[in-house]
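In case you want the letters, here they are:
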Amino acid sequence: MPADRLHLVRHGEVHNPRRVLYGRLPGFGLSVDGRGMARAAADHVHSLARPVTSLVCSPLQRTRESALPFTELFGIEPVVEERIIEPTNVFEGRRMKRALANPLNWRHLRRPAVPSWGEPYERISARMIAAMDDAWSKPATGDVVLVSHQLPIWITHLTVAGLPGRHDPRNRRCALSSVTSFEKKDGRWVEVDYAEPAEHSGAVDVGAV
């Protein structure tokens, strides 16, 4: 038997005092508030009273730290999964407003449907769905939690909904420590729930790709 439900959990707020786009850069862990957000996400999943039998996270520091409350609540160690990592982006380490004001960077914006500034949306979708398929098929029963990042989760949402990858990043419905839940029905992924259990008013969320 496969899993019962799969939850894509976004990491909590990152300590990012320079407010740069951190992407895959090392050294960006959770802030104090971010750790509380991660705990709120875990508490939310725990409150569903559904057994969680598998925990997966991307290899980056902020997702590993966001997985810790799930380990504490459910007693399972996370498995690192490279396929649910943050996408690449040419603007890593920069403040976006400053970078976009420089005409030399405008060439990176020429094909937003790909997008030309980072990993293609189609590739993100393919690796996320493949990782979800594998995670779904491994446990004998129970729910699966994958701790990932905003863009991979949002692209998964668009893919499952049959929508194109091109979108306005400002309009993503994927808050810090949000939980987007899926089930497989007749061999197809179906989104069944979305929750924002963490208090995120005033949170710094400028480092997402």
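A few points on the structure.

1. Points about the packing of helix α1 (residues 32-47) against helix α2 (residues 61-74)
Axis separation between α1 and α2 bottoms out at 8 Å; the angle between their running directions is 40°. With respect to α2, the element α1 is oriented oblique. Handedness of the α1/α2 crossing: right-handed. Where α1 abuts α2, its residues A38, R39, A41, A42, D43, V45 and H46 lie against S66, P69, F70, E72, L73 and F74. Classifying every residue of the contact of α1 with α2 gives eight nonpolar, two polar and three charged.

2. Notes on the environment of L151
Following the sequence through the fold, L151 ends up in helix α5 (residues 150-160). Overall, the relative accessible area of 4% leaves L151 in the buried class. Sequence spacing of L151 and S125 is 26 residues, and the spatial spacing of their C-alpha atoms is 9.9 Å.

3. A closer look at the environment of K97
Tracing the backbone shows K97 in helix α3 (residues 96-100). Along the chain, K97 and V20 lie 77 residues apart, while their C-alpha atoms are 9.7 Å from each other.

4. Digging into the sheet that holds strand β3 (residues 79-80)
Strand order in the open sheet formed by six strands is β3-β2-β4-β1-β5-β6, and the pairing between neighbours is mixed. Taken across any chain shown, the strands that pair with only one partner, and hence form the sheet edges, are β3 and β6 (188-195). Both strand β2 (residues 52-57) and strand β4 (residues 143-148) contribute to a ladder of five bridges, which runs parallel. In the sheet register, V56 faces β4, and the bridge partner there is L146. The sheet contacts of helix α4 (residues 121-137) involve β1 (5-10), β4, β5 (179-185) and β6, and relative to β1 the element is tilted by about 135°. Packing of α5 onto the sheet brings it into contact with β1, β4, β5 and β6, and relative to β1 it is tilted by some 140°.

5. Here's the deal with the packing of aromatic side chains
Applying the stated criterion across every chain yields a total of three aromatic pairs. Each ring, one from F70 and one from F74, has its centre 6.4 Å from the other, and the planes form 15°; the classification is stacked. Here the residue F70 and the residue F74 both occupy positions in helix α2, the gap between them amounting to four residues, near one helical turn. The same class applies to F70 as to F74, namely buried. Here W136 and W189 contribute two aromatic rings whose centre-to-centre distance is 5.2 Å and whose plane-to-plane angle is 75°, an arrangement assigned as edge-to-face. Of the two residues, W136 is situated in helix α4 and W189 in strand β6; the sequence distance between them amounts to 53 residues. Assigned by exposure class, W136 and W189 land together as buried. If you follow R173 out to its NZ or CZ, it ends over the ring of Y194, 3.9 Å from the centre.

What counts, and at which threshold
Residues numbered from 1 in each chain as written. Predicted model: local features only at pLDDT ≥ 70, side-chain atom pairs only at ≥ 80, totals over all residues. Heavy atoms only, no water. Axes fitted to C-alpha atoms, helices over the stretch in contact; angles between N-to-C directions. Helix = DSSP H or I, 4+ residues; strand = E, 2+ residues; numbered from the N terminus. Parallel < 35°, antiparallel > 145°, perpendicular 65-115°, else oblique. Left-handed = near helix turned anticlockwise from the far one by under 90°. Contact = heavy atoms within 4.5 Å. Nonpolar A, V, L, I, M, F, W, Y, C, P; charged D, E, K, R; others polar. Buried < 20%, exposed > 50% of the residue type's maximum accessible area, 1.4 Å probe, protein only. Pairing = 2+ DSSP bridges. Phe/Tyr/Trp six-rings, centres within 6.5 Å; stacked < 30°, edge-to-face > 60°. Lys NZ or Arg CZ within 6 Å of the ring centre and 35° of its normal.

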